[in-house]
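So you can see what is in the structure, the chains are spelled out below.
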Amino acid sequence: MKNSFALTALAMLAAGAFPYASAVAEGHFHQHDAHVHGVVTFNLAQDGNELLVEITAPGADIVGFEHEPSSLDDKEKLARALATLQTPDTLLSFPSAANCQLTQAEATETLTHRSHDQHEHEHEHEHEHEHEHEHGEFSVQFLYQCNNMAGLTYLELHWFEQFPATEQVNINAFTAKQQKAATLKPGQPRFHF
């Protein structure tokens, strides 16, 4: 599933390469070069009746830490977070008129996937970078089949209810009709296509 899902995501993004370039040129695309606590990014890409939702979030926003979990409490927080992230209905919703059905879901994190070489490199430089810390994050991908794209008029976020450490969500949407970017905050959880 992971390989076909990744290939589908790449194909959808490649199909949207020209709209992406247009959105960047117009200055409407939100992207952070640096990992920013409190800021989550949602990228939405439509290809025919398929809608891909990709989410990138700092570990601190999701579980309250960005290090490899070592305590039982940290491991439980991580397991609960991954379970929540793999349940899209708890994070977002679309109008029922769009008739969108989830076909694939995947949530990954970089908190537990650090290589031994990376750890050794960090250990060598720990005195140089005493105030810097690891930047673990979560990545989520949902693929939907929507039977009525004309009914897809908005995206309602429930993200802030699940992860209250998030201060804002930057949304970048690439659809057959438009490219649009917006910033949502806890009191403003609706994105209009």
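I will try to describe carefully the structure that is included in this document.

What counts and how
Residues numbered from 1 in each chain as written. Predicted model: local features only at pLDDT ≥ 70, side-chain atom pairs only at ≥ 80, totals over all residues. Heavy atoms only, no water. Helix = DSSP H or I, 4+ residues; strand = E, 2+ residues; numbered from the N terminus. Buried < 20%, exposed > 50% of the residue type's maximum accessible area, 1.4 Å probe, protein only. Contact = heavy atoms within 4.5 Å. Areas by Shrake-Rupley, 256 points an atom, 1.4 Å probe, with all protein chains shown as cover. Phe/Tyr/Trp six-rings, centres within 6.5 Å; stacked < 30°, edge-to-face > 60°. Lys NZ or Arg CZ within 6 Å of the ring centre and 35° of its normal. Pairing = 2+ DSSP bridges. Axes fitted to C-alpha atoms, helices over the stretch in contact; angles between N-to-C directions.

Re the overall build of the protein chain
On a plain count of helices and strands, the protein chain comes out with six helices and nine strands. Counting every position in the protein chain, which comprises 193 residues, the buried fraction comes to 39%. For the protein chain, contacts bridging at least 24 residues in sequence account for 72% of all contacts bridging at least 6. Carbon together with sulfur atoms contributes 51% to the accessible area of the protein chain, which is approximately 10600 Å² in total.

Quick word on the packing of aromatic side chains
Overall, the coordinates contain five aromatic pairs when judged by the stated rule. With a centroid separation of 5.0 Å and 85° between ring planes, the pair formed by phenylalanine 94 and tyrosine 144 is classed as edge-to-face. Remark: tyrosine 144 occurs in strand 5 (residues 137-146) and phenylalanine 94 occurs in the loop between strand 3 (92-93) and strand 4 (100-109); sequence separation between them is 50 residues. Among the residues examined, tyrosine 144 registers a relative accessible area of 4% and is labelled buried. Ring geometry for phenylalanine 142 against tyrosine 144: centres 6.4 Å apart, planes inclined by 70°, an arrangement best described as edge-to-face. On the basis of relative accessible area, phenylalanine 142 is assigned to the buried category, the value being 0%. Grouping aromatic residues by their ring pairs yields a cluster made of Phe42, Trp159 and Phe163. Across from the ring centre of phenylalanine 191, 5.4 Å away, lies the NZ or CZ of lysine 180, which sits over that ring. Residue placement shows arginine 190 over the ring face of tyrosine 154; its charged tip is 3.7 Å from the ring centre.

Comments concerning the sheet that holds strand 4
The strand order 4-5-2-1-7-8 describes an open sheet built from six strands, whose pairing is mixed. Looking at strand neighbours, the two that pair on one side only are strand 4 and strand 8 (179-184), the edges of this open sheet. Ignoring which end each strand starts from, the neighbouring axes of this sheet average 15° apart. As judged from the six bridges shared by strand 7 (residues 168-174) and strand 8, these two strands associate in the antiparallel manner. From the neighbouring strand, isoleucine 171 faces strand 8, where its bridge partner is alanine 182. Relative to strand 5, helix 4 (residues 72-85) is tilted by about 20°, and along the sheet it contacts strand 4 and strand 5.

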